Amino acid sequence: EVGQVVRVCGASGCEKSGTKLCTRCQSEAYCSAECQRRAWKAHKAVCKPASSRPESEAVEFLRANKLYSAQVKIEQLQAADGPAAPSKTLEALRSDLDEKIKAGIYSEIIGERVALQKVDHGLGYV
């Protein structure tokens, strides 16, 4: 798809598409658990917990499908970066946000409006 950020697997020598993010840092993508294990020795030297990075709040908003809050946070991070080209991490966050918006995934109440969220038996308006 045009404009979508494609991540290559972070394992040395692998050219497959990286669809699974490192659960610790959320910034390196791998095509499989096997590739992630192979790359761990090198990756662990630079891997920082997502909670210690400025974009961690946006990552958490995206995980919770709080798309409005994620969009606001991503825009704040982009503004802080200035006019330079956005980092790969910000590009990936923007891509993830755009995919969820296109899919119609929302679960956040903004201005006391009703939102579709997970409930015990599936999805429901709360």
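Predicted, not measured: the structure shown is a model, and the values here were computed from it.

### Examining the environment of Ala92
Along the chain, the position of Ala92 falls in helix α4 (residues 88-103). Considered as a pair, Ala92 and Arg7 are 85 residues apart in the sequence and their alpha carbons are 8.3 Å apart.

### Some remarks on the pattern of salt bridges
On inspection of all chains with the given rule, the structure shows three salt bridges. Close ionic contact of Glu57 with Lys73 constitutes a salt bridge, the shortest N to O distance being 3.4 Å. Placement of Glu57 in helix α2 (residues 56-63) and of Lys73 in helix α3 (residues 67-81) is noted, with a sequence separation of 16 residues between them. A salt bridge links Arg63 to Glu60, with the nearest nitrogen and oxygen atoms 2.8 Å apart. Taken as a pair, Arg63 and Glu60 lie in helix α2 at a separation of three residues, close to a single helical turn. The class of Glu60 is partly exposed, set by a relative accessible area of 40%.

### A closer look at helix α1 (residues 33-43)
Looking only at α1, the buried set comprises Cys35, Ala39 and His43. All buried residues of α1 project into a common sector of 65° when viewed along the axis, lining one side. In this structure, α1 carries Glu34, Arg37 and Lys41 as exposed residues pointing more than 90 degrees from its buried face. Residues of α1 that are buried in the fold lie against β2 (29-30).

### Concerning the environment of Ser69
When you line up the elements, Ser69 lands in helix α3. With a relative accessible area of 18%, Ser69 lands in the buried category. Taking C-alpha positions, Ser69 is 7.6 Å from Ala58, a pair spaced 11 residues apart along the chain.

### Examining the confidence of the model for the chain
Per-residue confidence for the chain gives a mean pLDDT of 80; residues scoring 70 or more make up 75%. Between the elements of the chain, mean pLDDT differs from a low of 59, seen in strand β4 (residues 122-125), to a high of 93, seen in α1.

### Brief notes about the packing of α2 against α4
In helix packing, the relevant descriptors are the interaxial angle and the interaxial distance, both defined with respect to the helix axes. Contact pair α2 / α4: the axes reach a minimum separation of 11 Å and the direction vectors enclose 20°. Between α2 and α4, the interaxial angle falls into the category roughly parallel. Handedness of the α2/α4 crossing: left-handed. On α4, the residues touching Ala58, Val59 and Leu62 of α2 are Leu93, Asp96, Leu97 and Lys100.

### Points about the packing of α2 against α3
The N-to-C vectors of α2 and α3 enclose an angle of 160°; their axes lie 8 Å apart at closest approach. Between α2 and α3, the angle falls in the class roughly antiparallel. As for how α2 packs across α3, the hand of that crossing is left-handed. Residues Glu57, Ala58, Phe61 and Leu62 of α2 form the contact with α3, whose own contacting residues are Leu67, Ser69, Ala70, Lys73, Ile74 and Leu77. The residue makeup of the contact of α2 with α3, split by class, is seven nonpolar, one polar and two charged.

The rules behind each value
- Residues numbered from 1 in each chain as written.
- Predicted model: local features only at pLDDT ≥ 70, side-chain atom pairs only at ≥ 80, totals over all residues.
- Heavy atoms only, no water.
- Helix = DSSP H or I, 4+ residues; strand = E, 2+ residues; numbered from the N terminus.
- Salt bridge = Lys/Arg side-chain N within 4 Å of Asp/Glu carboxyl O.
- Buried < 20%, exposed > 50% of the residue type's maximum accessible area, 1.4 Å probe, protein only.
- Arc of directions from axis to C-beta.
- Contact = heavy atoms within 4.5 Å.
- pLDDT = per-residue confidence, 0-100.
- Axes fitted to C-alpha atoms, helices over the stretch in contact; angles between N-to-C directions.
- Parallel < 35°, antiparallel > 145°, perpendicular 65-115°, else oblique.
- Left-handed = near helix turned anticlockwise from the far one by under 90°.
- Nonpolar A, V, L, I, M, F, W, Y, C, P; charged D, E, K, R; others polar.

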